[in-house]
Amino acid sequence: MSTLKDLILGMADVDNVKRHVSDALRSGEEPSKVIDVLNDALEEVGRRYESGEYFLSELMMAGILATEATKILDAHMAGGKRSKIAKVVMGTVKGDIHDIGKNIVVMMLRAADFEVLDLGVDVPPEKFVETIRNEGAQIVGMSALLTSTVDQMKIVIDAFTKQGVRGKVKVIVGGRPVTEEFAREIGADGYAEDAVEAIKVVRDFVQLGGARLE
Amino acid sequence: MNKRERVLRTLELREPDRVPITEFGIEVPLMEAITGKKAPTSTSEQTQVTADRELEKGRIGFKVECYQKLDFDAIVIDLSAPEDWIPRKNPNGTMVDLWGRVLMLDQRSRAWVPYSTVFQAPEDFDRFELPNPHDPGWAFATEYARREAGEEVAVATFIRDPFAHVWEMFTPLNFVRWMYQKPQLIRRAIEEVAKFNIEIIKSVAEAGADFIISGGDYCEEKGPMVPLRFFDEVIFPNLRMQVDAARGRGVKLIKHTDGNVNPILKGLAAIVDGLHSLDPTAGVDIGEVKEHYGDRLILIGNVAVDNLAKNSREEIVEETKGCIRKASPGGGHILSSSNTWASGAKLENCLAMVETGRKYGTYPIRV
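This is a predicted model, so every value here is computed, not measured.

Student: Hey, could you run me through the domain arrangement of chain A in this one?
Tutor: Accessible area lost when the parts come together is the quantity often used to give the size of an interface. All names here are of chain A. When its domains are assigned, chain A resolves into domain 1 (2–80) and domain 2 (87–207). Relative to domain 2, the C-alpha centre of domain 1 lies at a distance of 25 Å. The interface is formed by 15 residues belonging to domain 1 together with 12 residues belonging to domain 2. For the pair domain 1 and domain 2, the two sides together bury roughly 1100 Å², of which 66% comes from carbon and sulfur. Arg203 is the partner of Glu43 in a salt bridge, and the nearest nitrogen-oxygen pair spans 3.6 Å. Breaking the side of domain 1 that touches domain 2 down by element, the ones donating at least two residues are α3 (31–50) and α4 (56–76). If you tally residues by element for the side of domain 1 that touches domain 2, the top one is α4, at eight residues.

Student: Would you explain the interface of chain A and chain B in this entry?
Tutor: Counting residues at the interface gives 28 residues for chain A, matched by 26 residues for chain B. Contact between chain A and chain B buries roughly 2400 Å² in total, counting both sides, with carbon and sulfur atoms accounting for 63%. Of all residues in chain A, the largest losses of buried area upon contact with chain B belong to Phe55, Ser57 and Ile97 of chain A, amounting jointly to 25% of the total for that side. Between the two partners, chain A and chain B, sit five salt bridges. Of the charged contacts in the structure, one is a salt bridge between Asp306 of chain B and Arg176 of chain A, with a shortest N-O distance of 2.5 Å.

Student: What should I look at first to understand the sheet that holds strand β9 (residues 274–276) of chain B in this one?
Tutor: Strands in a sheet are paired, the pairing made by backbone hydrogen bonds, and the direction either parallel or antiparallel. Residue and element names in this part refer to chain B. Spatially, the seven strands line up as an open sheet ordered β1-β6-β7-β8-β9-β10-β11, and their pairing is parallel. Because the sheet does not close on itself, it has two edges, and the strands there are β1 (74–77) and β11 (333–337). Adjacent strand axes in the sheet meet at a mean angle of 25 degrees, parallel and antiparallel pairs treated alike. Pairing geometry for strand β8 (residues 252–256) and β9, over three bridges, is parallel. The residue of β9 that forms the bridge with Ile254 is Gly274. Sitting on the sheet, helix α9 (residues 228–248) touches β6 (154–160), β7 (211–215) and β8, and the angle it makes with β8 is about 145 degrees.

Student: Where do I start with the nonpolar core in this structure?
Tutor: Side chains that are nonpolar tend, in soluble globular proteins, to be buried together. Residues Ile26, Phe163, Phe170, Phe175, Phe230 and Trp341 of chain B are the most contacted members of the largest nonpolar core, which totals 172 residues. Summarising the domain contributions, this core has at least three residues from each of domain 1 (2–80) and domain 2 (87–207) of chain A. Residue contacts for Trp341 of chain B: discarding those within four places in its chain leaves Glu23, Gly25, Ile26, Glu27, Leu30, Ile34, Leu70, Phe72, Leu308, Cys350, Met353 and Val354 of chain B. Core analysis: the second largest hydrophobic core is formed by 27 residues, Ala144, Val150, Ile157 and Phe182 of chain A among them.

Student: Please clarify how unusual backbone geometry should be interpreted in this entry.
Tutor: Across residues other than glycine, the phi torsion is negative in most instances, and most of the peptide bonds are trans. Residues and elements named next belong to chain B. Looking along the chain, the bond that leaves His276 and enters Ser277 is cis, with omega of 20 degrees. Locating Ser277 in the fold gives a position in the loop between β9 and α11 (286–293). At the junction of Tyr363 and Pro364, the peptide bond is cis and its omega measures out at 0 degrees in the coordinates. Following the sequence through the fold, Pro364 ends up in the segment after α14 (347–360).

Student: Help me out: how do you make sense of the packing of helix α2 (residues 28–35) of chain B against helix α3 (residues 53–69) of chain B in this one?
Tutor: Packed helices, taken two at a time, are described by the angle their axes make and the gap between the axes. All names here are of chain B. Orientation of α2 relative to α3, taken along the N-to-C sense of each, is 60 degrees, at an axis distance of 9 Å. Comparing the axis directions of α2 and α3 gives the class oblique. Considering how the two elements wind past one another, α2 and α3 form a crossing that is left-handed. Only Phe62, Lys63, Glu65, Cys66 and Lys69 of α3 make contact with α2, whose side of the interface consists of Met31, Glu32, Ile34 and Thr35. A breakdown of the residues in the contact of α2 with α3 according to their chemical character gives four nonpolar, one polar and four charged.

Student: Is there a simple way to explain the pattern of salt bridges in this structure?
Tutor: Any two side chains of opposite charge can pair, so long as their charged atoms come close to each other. Under the defined criterion, the tally for this structure stands at 46 salt bridges over all chains. As a salt-bridge pair, Asp194 of chain A and Lys222 of chain B come within 2.5 Å of each other at their nearest N and O atoms. With Asp194 of chain A in the loop between β5 (190–191) and α9 (195–208) and Lys222 of chain B in the loop between β7 and α9, this residue pair bridges two chains. Taken together, the shared-partner salt bridges connect Lys18, Glu68 and Lys71 of chain A together with Arg177 of chain B into one network.

Student: In this structure, what is going on with the side chain of Asp194 of chain A? I would like to understand it.
Tutor: The exposure class assigned to Asp194 of chain A is buried, which follows from its relative accessible area of 12%. Here the side chain of Asp194 of chain A touches Val196 of chain A through a polar contact of 3.1 Å, landing on its backbone nitrogen. A polar contact of 2.9 Å, which involves the side chain of Asp194 of chain A, links it to the backbone nitrogen of Glu197 of chain A. For Asp194 of chain A, the residues in contact, after removing those within four places along its chain, are Tyr49 and Glu50 of chain A together with Lys222 of chain B.

Student: Hey, could you run me through helix α8 (residues 183–206) of chain B in this one?
Tutor: An α-helix turns once every 3.6 residues. As a result, residues three or four positions apart point the same way. A rise of 1.5 Å per residue sets the reference length of α8 of chain B, with its 24 residues, at 34 Å; its end C-alpha atoms lie 35 Å apart and thus fit the reference within 8%. Phi for Gly208 of chain B, located one or two positions after α8 of chain B, is positive at around 120 degrees.

Student: It is not clear to me how the packing of aromatic side chains should be interpreted in this structure. Could you clarify?
Tutor: Aromatic ring pairs: the centre-centre distance and the angle between the two ring planes describe each pair. All names here are of chain B. Applying the stated criterion to the full structure yields 18 aromatic pairs over all chains. Centroid distance Phe170 to Trp178: 5.1 Å. Interplanar angle 75 degrees. Geometry classified as edge-to-face. In terms of burial, Phe170 and Trp178 fall into one category: buried. Members of the aromatic cluster, each reached through a chain of ring pairs, are Phe163, Trp167, Phe175, Tyr218, Phe230, Phe231 and Phe236. Its end group placed over the ring of Phe140, Arg53 keeps NZ or CZ at 4.6 Å from the ring centre. A cation over a ring is seen here: Lys255 above Tyr218, with NZ or CZ 4.2 Å from the ring centre.

Parameters at a glance
- Residues numbered from 1 in each chain as written.
- Chains lettered and ligands numbered in written order.
- Predicted model: local features only at pLDDT ≥ 70, side-chain atom pairs only at ≥ 80, totals over all residues.
- Heavy atoms only, no water.
- Domains from an automatic or database assignment.
- Contact = heavy atoms within 4.5 Å.
- Buried area = accessible area lost by both parts, 1.4 Å probe.
- Salt bridge = Lys/Arg side-chain N within 4 Å of Asp/Glu carboxyl O.
- Helix = DSSP H or I, 4+ residues; strand = E, 2+ residues; numbered from the N terminus.
- Pairing = 2+ DSSP bridges.
- Axes fitted to C-alpha atoms, helices over the stretch in contact; angles between N-to-C directions.
- Core = buried A, V, L, I, M, F, W, Y, C linked by side-chain atoms within 4.5 Å.
- Buried < 20%, exposed > 50% of the residue type's maximum accessible area, 1.4 Å probe, protein only.
- Parallel < 35°, antiparallel > 145°, perpendicular 65-115°, else oblique.
- Left-handed = near helix turned anticlockwise from the far one by under 90°.
- Nonpolar A, V, L, I, M, F, W, Y, C, P; charged D, E, K, R; others polar.
- Polar contact = N/O pair within 3.5 Å; in protein donor to acceptor, adjacent residues only side chain to side chain.
- Expected span 1.5 Å × (residues − 1).
- Phe/Tyr/Trp six-rings, centres within 6.5 Å; stacked < 30°, edge-to-face > 60°.
- Lys NZ or Arg CZ within 6 Å of the ring centre and 35° of its normal.

What follows is the structure in structure tokens.
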């Protein structure tokens, strides 16, 4: 399966990646092995992006390719819904309709085999609460671009406490005006400065069950 | 020396009497606070949202009044829509602009923001009729601003950079997918917008613009959004053609981009006349840019827009003084924030930036 990683690192044609995954599954490869290769590829892409070797477009394209590969895996498991790593609710907070950063994180999470419920932009606190209750999500990601809307994140976290769902979810926040200090102040469990960091934090939530903020 | 003379001398990389001051944009709630008046209409920093000339007069007049109240040296104005355009409104409240972008109204800033696109597949671009730069009316805002503001203030026209324009037209995810899967499509789309811009540059220069600003980001906080070879092969050749068109009409072209531009600074400096925003939060040091490129680049910036929102007045005063100290000596510097005055910014801080600019920006610089 090393070729799949090479295809993703080389920004290969989408159809080529899909065909490669289909062929591997047909020849008896375990889906979990394919997932491992995809995660390995994404981690390498993340490393290259953080070091300045790769640019944003390459990070995004690798996410697109990995997402297409996971769709082939989903289709292959025809007997039932394939279980994902965890369920993540994502949204841009109320009053803010900017979504470029949030959309990249959503795509990268899906590529990393998380189930993502994307609530879109201008999401009111009650919508986050309702989705946690109805969908049983374990993680909530909130994004904001504007200094004037970033305080909505605390309002959402306070709503979680008030509505009795705070203990059920880990909360990660990000966006241009968000800092680790701010995340700590509002009671979030994690903070990420970019999509690569967001995936690491969410993985830690699942694997370690804990927060990254110190 | 009047405001226009001050700006023009700065654009020639010479010292005027004092450092000119302006902003590339001020969000509606702040303009209302500055003028004490209600904005006549919603607007957009990225595109045209109305062809109604009475609304346009109201919008432009309101902005001119705001800039006059601030005593800014340059009025920055965008393009109007062509005369016969009718915006397509969707039942869900969104609007489709001339470029196929689906816009949503941000209630907070009362600005229309790109949200989605009509381009769902690469073939959609082949079927799409791009706007015609020869249609009458694109330069209406420039003409009207010049008329309202008079001859003693500089007028700059803000156009959209082809890369950023296509990035938004297609949405970032589609752009990236097609950039790798259909590279000729992306190249063609950028070339088409560049050709459009070249004609528009000629029109707005004739309408009275003193300089052109090409807005749209090339970079994010970590660095360029696309590989450097894409700049060399696609972005820079198209940028150069627009700069040549501007120079051919006797006006300069300033490139605006947020983010960490350090990896592409050398390439940009070889093409454009000036740079904004020299984003300090992304690690751009205006002093270093001045040191290396001050003999050929006009620098516009760079009080951090985030700091205008969260820092104290005293901190903004010190930051502005530092900015003048590093960028103003020798001329070629226009003081502004590192983006626009967004509505999250404290008005007190914005005004502190201007007051400090006036106090310490007299040549020779002694701050």
